[in-house]
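# A look at the structure
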Amino acid sequence: MSIGELAAATGTKVVTIRYYEKVGLLAAPPRSAGNYRLYEEVHRERLGFIRRCRALGFTLDEVRELLAIAADTERDCSAVDRVASGHLADVERKIADLERLAAELRRITESCRGGTIGECRIIEALSG
């Protein structure tokens with residue numbers, strides 16, 4: 001399939017596919033006689049894996065590590081657990097940060113009594 005067909009099949013922008021090739025996450029496909037990229041099902045499957053990882057917030061380095069681990073089907077899966085556990089810890093830290101932020105924003109917005117900007121409690125709180 002062409003790069004456009006791969007992009008449509010996976011919901012990925014062409015520029016992103018080229019970027020994943022450039023950084024080594026997606027193998028460069030063979031080329032046609034006219035020098036067009038010719039992607040195969042293996043490219044679509046790998047790109048789908050990469051997109052799912054990215055949608056779950058894994059970094060490119062984590063995706064690269066997961067792809068390397070997945071390539072060795074006889075390997076113990078503890079390495080995958082380590083990567084996933086590390087990512088889970090990052091997600092939980094971000095959730096805690098967002099919960100603190102939400103509480104602070106709730107507190108600030110509840111203090112709003114209307115009026116002019118010069119009397120605005122939200123601007124005052126954001127100013128430090």
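Please refer to the structure higher up on the page.
Turning to the environment of Leu25, a few remarks are in order. Mapping Leu25 onto the fold places it in the loop between helix 2 (14-22) and helix 3 (41-55). Given the relative accessible area of 1%, Leu25 is considered buried. Separated by 45 residues in sequence, Leu25 and Ala70 place their C-alpha atoms 13 Å apart. In this structure, Leu25 is in contact with Tyr20, Arg46, Ile50, Leu60, Val63, Arg64 and Leu67, ignoring residues within four places of it in sequence.

Let us look at the nonpolar core. Residues Ile17, Tyr20, Leu25, Ile50, Phe58 and Val63 are the most contacted members of the largest nonpolar core, which totals 19 residues. Residue assignment for this core shows that the elements contributing at least two residues are helix 1 (3-10), helix 2, helix 3, helix 4 (60-70) and helix 5 (78-110). In this view, Val63 contacts Leu25, Ile50, Cys53, Arg54 and Phe58; residues no more than four positions away in its chain are not counted.

What follows deals with helix 3. Taking 1.5 Å of rise per residue, 15 residues should cover 21 Å, and helix 3 covers 21 Å from first to last C-alpha, within 8% of that figure. Those residues of helix 3 not exposed but buried are His43, Leu47, Ile50 and Cys53. Projected onto a plane normal to the axis of helix 3, the buried residues spread over an arc of 120° and lie on a single side. Along helix 3, the residues that are exposed and aim more than 90 degrees away from the buried face are Arg52 and Ala55. Positive backbone phi, approximately 90°, marks Gly57, located one or two places after helix 3.

Every buried residue of helix 1 is listed here: Ile3, Leu6, Ala7 and Thr10. Down the axis of helix 1, the smallest arc covering the buried residues is 100°, so these residues share one side. Among the structural elements, helix 2 and helix 3 are those in contact with the buried residues of helix 1. Looking one or two residues beyond helix 1, the residue adopting positive phi is Gly11, at roughly 70°.

About the thresholds
Residues numbered from 1 in each chain as written. Predicted model: local features only at pLDDT ≥ 70, side-chain atom pairs only at ≥ 80, totals over all residues. Heavy atoms only, no water. Helix = DSSP H or I, 4+ residues; strand = E, 2+ residues; numbered from the N terminus. Buried < 20%, exposed > 50% of the residue type's maximum accessible area, 1.4 Å probe, protein only. Contact = heavy atoms within 4.5 Å. Core = buried A, V, L, I, M, F, W, Y, C linked by side-chain atoms within 4.5 Å. Expected span 1.5 Å × (residues − 1). Arc of directions from axis to C-beta.

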